[in-house]
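Architecture at a glance
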Amino acid sequence: MLSGSEGQQAQRLLLWMTFIMSMVFAVWQALLNNFVIERAHFSGAEIGMLQSLREVPGFLAFTAIFVLLIIREQSFALLSLLVLSLGVAITGFLPTVMGLYFTTVLMSVGFHYYETLNQSLTLQWVDKEQTAGFMGKALSWKAAAALGGYGSIWLLMTVFKLDYVWMYAFVGGLGCLMTLALWHYFPRFDTGEVQHKKVILRRRYWLYYLLTFFSGARRQIFVVFAGFMMVEKFHYSVSEITALFLVNYVINLLFAPAIGRLIGRIGERNALCLEYVGLIGVFVSYAMVESAHFAAALYVIDHLLFAMAIAMKTYFQKIADRPDIAASMSVSFTINHIAAVVIPVLLGYLWLESNAAVFYIGAAMAVCSLLLSLNVPRHPAPGNEVLFPAKALAPRTE
């Protein structure tokens, strides 16, 4: 664990990496649908395949631990950020089906490896008592960067009439330059204890694994179906959907740091219970909502509640052996993405029969998460990972 001025520098590096990732990814995501239709003439089949390919690197995130055999974790994170930015920078130059598949996978490899390593470095570099507050601050930086990305699209494409090719190249190139600047400016920080370089599944982390799985499943319902409902059921226009995204980012910018501090005060158990009770209400309301304005309010509340997921990461930080953190973050990212491969396809067919049923399933998943969160101790620590069966697990540190 870093302390003093070195710890402050390491935290600044984490925040700047988060800023670059969010800015570059926000622009890629905002332009994608228009670009693939206007320039590559995608149909639903091609965009579905592209989105599936985009999730594959997340499912394979556990392979990051093998790369760490030959490269330091900090350097790997910066290299991943560089790959993400490069994938976005060349997107506009390859406006074909195969070209977009290639650039999307390249971008996604960088994105998912970066996210895995960022979580790992945060848990290693930031003191346990400060982690929740710091993660809230990082969410605020992420929101500010996304707003900056959206603003650059408006300025460069609307005012200066910049083409897709050069918009992607500009933002991706800027991301590359900023990443290289971080590489040059910041020293190499020590992560403390040497991290394990193998796949690790600890029996005593079982609760964290289950919470991670259900979190990924619920998030897919939100990402895939909540926004789709806005368009299909309430006929939201592109500008209205964009405005909804902007509201989400502004609220995160304003309130995410406070949410992080709140988690630090009330503890992981209470924070997770609060999140899941809120999500149960949101998903049930999604199933029954008939008002476009109320649906928009639910969407914003839903997005804000996901900031409470910080508590799941700080819970793991408190129960984990330090050498397990990098390997466990890689494995947990894969667990989180199991649902990303399965949920959209299965629930997509159910959506054709009943929109409400999809959201009731989301509510059922939130109920499962709530029951699991009740098993989180008020003061989690190694040997005190769960309330039940505590006696069976406490002696084991395998």
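Residues numbered from 1 in each chain as written. Predicted model: local features only at pLDDT ≥ 70, side-chain atom pairs only at ≥ 80, totals over all residues. Heavy atoms only, no water.

Looking at the overall build of the protein
The number of helices and strands found in the protein is 15 helices and 0 strands. Its C-alpha radius of gyration of 21 Å places the protein within 12% of the 21 Å reference for a compact globule of 398 residues. Reported as C-alpha extents along the three principal axes, the dimensions of the protein are approximately 60 × 55 × 35 Å. When contacts within the protein are restricted to residue pairs at least 6 apart in sequence, those whose partners lie at least 24 apart make up 86%. Only carbon and sulfur atoms are counted for the fraction: they give 69% of the accessible area of the protein, which is about 16,900 Å². Distance between charge centres in the protein, computed from 26 positive and 22 negative side chains, equals 7 Å. (Helix = DSSP H or I, 4+ residues; strand = E, 2+ residues; numbered from the N terminus. Rg over C-alpha atoms; globule rule 2.2 N^0.38 Å. Contact = heavy atoms within 4.5 Å. Areas by Shrake-Rupley, 256 points an atom, 1.4 Å probe, with all protein chains shown as cover. Lys, Arg positive; Asp, Glu negative; His and termini not counted. Charge placed at Lys NZ, Arg CZ, Asp CG, Glu CD.)

Section: helix 8 (residues 206-232)
For helix 8, with 27 residues, the first-to-last C-alpha span of 39 Å sits near the 39 Å given by 1.5 Å per residue. Phe-225 marks the point of greatest bend in helix 8, at about 25°. (Expected span 1.5 Å × (residues − 1). Bend = angle between axes of the 7 residues up to and from the residue.)

Focus: helix 6 (residues 131-159)
Think of an α-helix as turning once every 3.6 residues; residues three or four places apart then point the same way. Given a rise of 1.5 Å per residue, 29 residues ought to cover 42 Å, and the 41 Å separating the end C-alpha atoms of helix 6 matches this to within 8%. Immediately downstream of helix 6, the backbone of Lys-161 shows phi near 55°, a positive value.

Considerations on the packing of aromatic side chains
Evaluation of the coordinates by the stated rule reveals 24 aromatic pairs. Judged by centre distance (5.5 Å) and plane angle (85°), the rings of Phe-93 and Trp-166 are edge-to-face. Residue Phe-93 is located in the loop between helix 4 (73-89) and helix 5 (97-125), and its partner Trp-166 is located in helix 7 (residues 164-185); the two are separated by 73 residues in the primary sequence. Each ring, one from Tyr-205 and one from Phe-316, has its centre 5.2 Å from the other, and the planes form 75°; the classification is edge-to-face. With Tyr-205 in the loop between helix 7 and helix 8 and Phe-316 in helix 12 (residues 310-319), the pair connects residues that are 111 residues apart, well separated along the chain. Residue Phe-316 is classed as buried on the basis of its relative accessible area, which comes to 0%. An aromatic cluster of at least three residues, connected via ring pairs, comprises Phe-225, Phe-283, Tyr-286, Trp-351 and Phe-359. One residue, Arg-219, lies across the ring of Phe-306, its end atom 4.7 Å from the ring centre. (Phe/Tyr/Trp six-rings, centres within 6.5 Å; stacked < 30°, edge-to-face > 60°. Buried < 20%, exposed > 50% of the residue type's maximum accessible area, 1.4 Å probe, protein only. Lys NZ or Arg CZ within 6 Å of the ring centre and 35° of its normal.)

Observations regarding the nonpolar core
Formed by 65 residues in total, the largest nonpolar core has its most connected members in Leu-211, Ile-221, Met-229, Met-230, Tyr-286, Phe-316 and Phe-359. Those elements giving two or more residues to this core turn out to be helix 6, helix 8, helix 9 (238-266), helix 10 (268-288), helix 11 (292-305), helix 12, helix 13 (325-353) and helix 14 (355-373). The residues contacting Leu-211, other than those within four sequence positions of it, are Leu-272, Tyr-276, Met-312, Ser-369, Leu-372, Ser-373 and Val-376. Formed by 56 residues, the second largest nonpolar core is a distinct cluster that contains Trp-28, Leu-68, Ala-77 and Leu-182. (Core = buried A, V, L, I, M, F, W, Y, C linked by side-chain atoms within 4.5 Å.)

Regarding the pattern of salt bridges
The full count for this structure, using the stated rule, is 8 salt bridges. Between Arg-39 and Asp-163 there is a salt bridge; the shortest N-O distance is 2.9 Å. Placement of the pair is Arg-39 in the loop between helix 1 (4-38) and helix 2 (44-59) and Asp-163 in the loop between helix 6 and helix 7, with a sequence separation of 124 residues. The class for Asp-163 is partly exposed, based on a relative accessible area of 28%. In this structure, Asp-321 and Arg-204 form a salt bridge, with 2.6 Å as the shortest nitrogen-oxygen distance. Here Asp-321, found in the loop between helix 12 and helix 13, pairs with Arg-204, found in the loop between helix 7 and helix 8; they are 117 residues apart in sequence, far enough to count as distant. On the accessibility criterion, Arg-204 (1% relative accessible area) is buried. Linked through salt bridges whose partners overlap, the residues forming this network are Arg-204, Asp-321 and Glu-385. (Salt bridge = Lys/Arg side-chain N within 4 Å of Asp/Glu carboxyl O.)

A word on unusual backbone geometry
Negative phi values dominate among residues other than glycine, just as trans dominates among peptide bonds. The omega torsion of the bond from Phe-388 to Pro-389 falls at -5°, within 30 degrees of zero and hence cis. Relative to the helices and strands, Pro-389 resides in the loop between helix 14 and helix 15 (390-393). Phi is positive for Lys-161, close to 55°, though the residue is something other than glycine.

What about the state of the cysteines?
One covalent bond between the sulfur atoms of two cysteine residues makes up a disulfide. By the definition in use, this model includes 0 disulfides. With no disulfide of its own, Cys-273 lies 14 Å from the sulfur of Cys-368, the closest cysteine sulfur. (Disulfide = S-S within 2.5 Å.)

Some words on the environment of Leu-117
Among the structural elements, Leu-117 can be located in helix 5. Among the residues examined, Leu-117 registers a relative accessible area of 2% and is labelled buried. Spatially, the C-alpha atom of Leu-117 lies 21 Å from that of Trp-28, the residues being 89 residues apart in sequence. Leaving out residues up to four positions away in the same chain, Leu-117 has contacts with Leu-68, Glu-73, Phe-76, Ala-77 and Ser-80.

Describing the packing of helix 6 against helix 7
Following both chains from N to C, one finds helix 6 and helix 7 inclined at 140°, their axes separated by 10 Å at the closest point. Considered as vectors, helix 6 and helix 7 are oriented oblique to each other. Here helix 6 runs over helix 7; the crossing is right-handed. Along the contact surface, helix 6 presents Ser-152, Ile-153, Leu-156 and Met-157, while helix 7 presents Tyr-164, Met-167, Phe-170 and Val-171. Residue composition of the contact of helix 6 with helix 7, grouped by class: 7 nonpolar, 1 polar and no charged. (Axes fitted to C-alpha atoms, helices over the stretch in contact; angles between N-to-C directions. Parallel < 35°, antiparallel > 145°, perpendicular 65-115°, else oblique. Left-handed = near helix turned anticlockwise from the far one by under 90°. Nonpolar A, V, L, I, M, F, W, Y, C, P; charged D, E, K, R; others polar.)

Focus: the packing of helix 4 against helix 7
Viewed as axis vectors pointing N to C, helix 4 and helix 7 meet at an angle of 165°, and their least axial separation amounts to 7 Å. What the angle tells us is that helix 4 and helix 7 run roughly antiparallel. Considering only the axes of helix 4 and helix 7, their crossing is left-handed. Seen from helix 4, the contacting residues are Ser-75, Leu-78, Leu-79, Leu-81, Leu-82, Ser-85, Leu-86, Val-88 and Ala-89; seen from helix 7, they are Tyr-168, Ala-169, Gly-172, Gly-173, Gly-175, Cys-176, Thr-179, Leu-180, Leu-182 and Trp-183. Its residues placed into classes, the contact of helix 4 with helix 7 shows 13 nonpolar, 6 polar and no charged.

None of this, on its own, says anything about what the molecule does.
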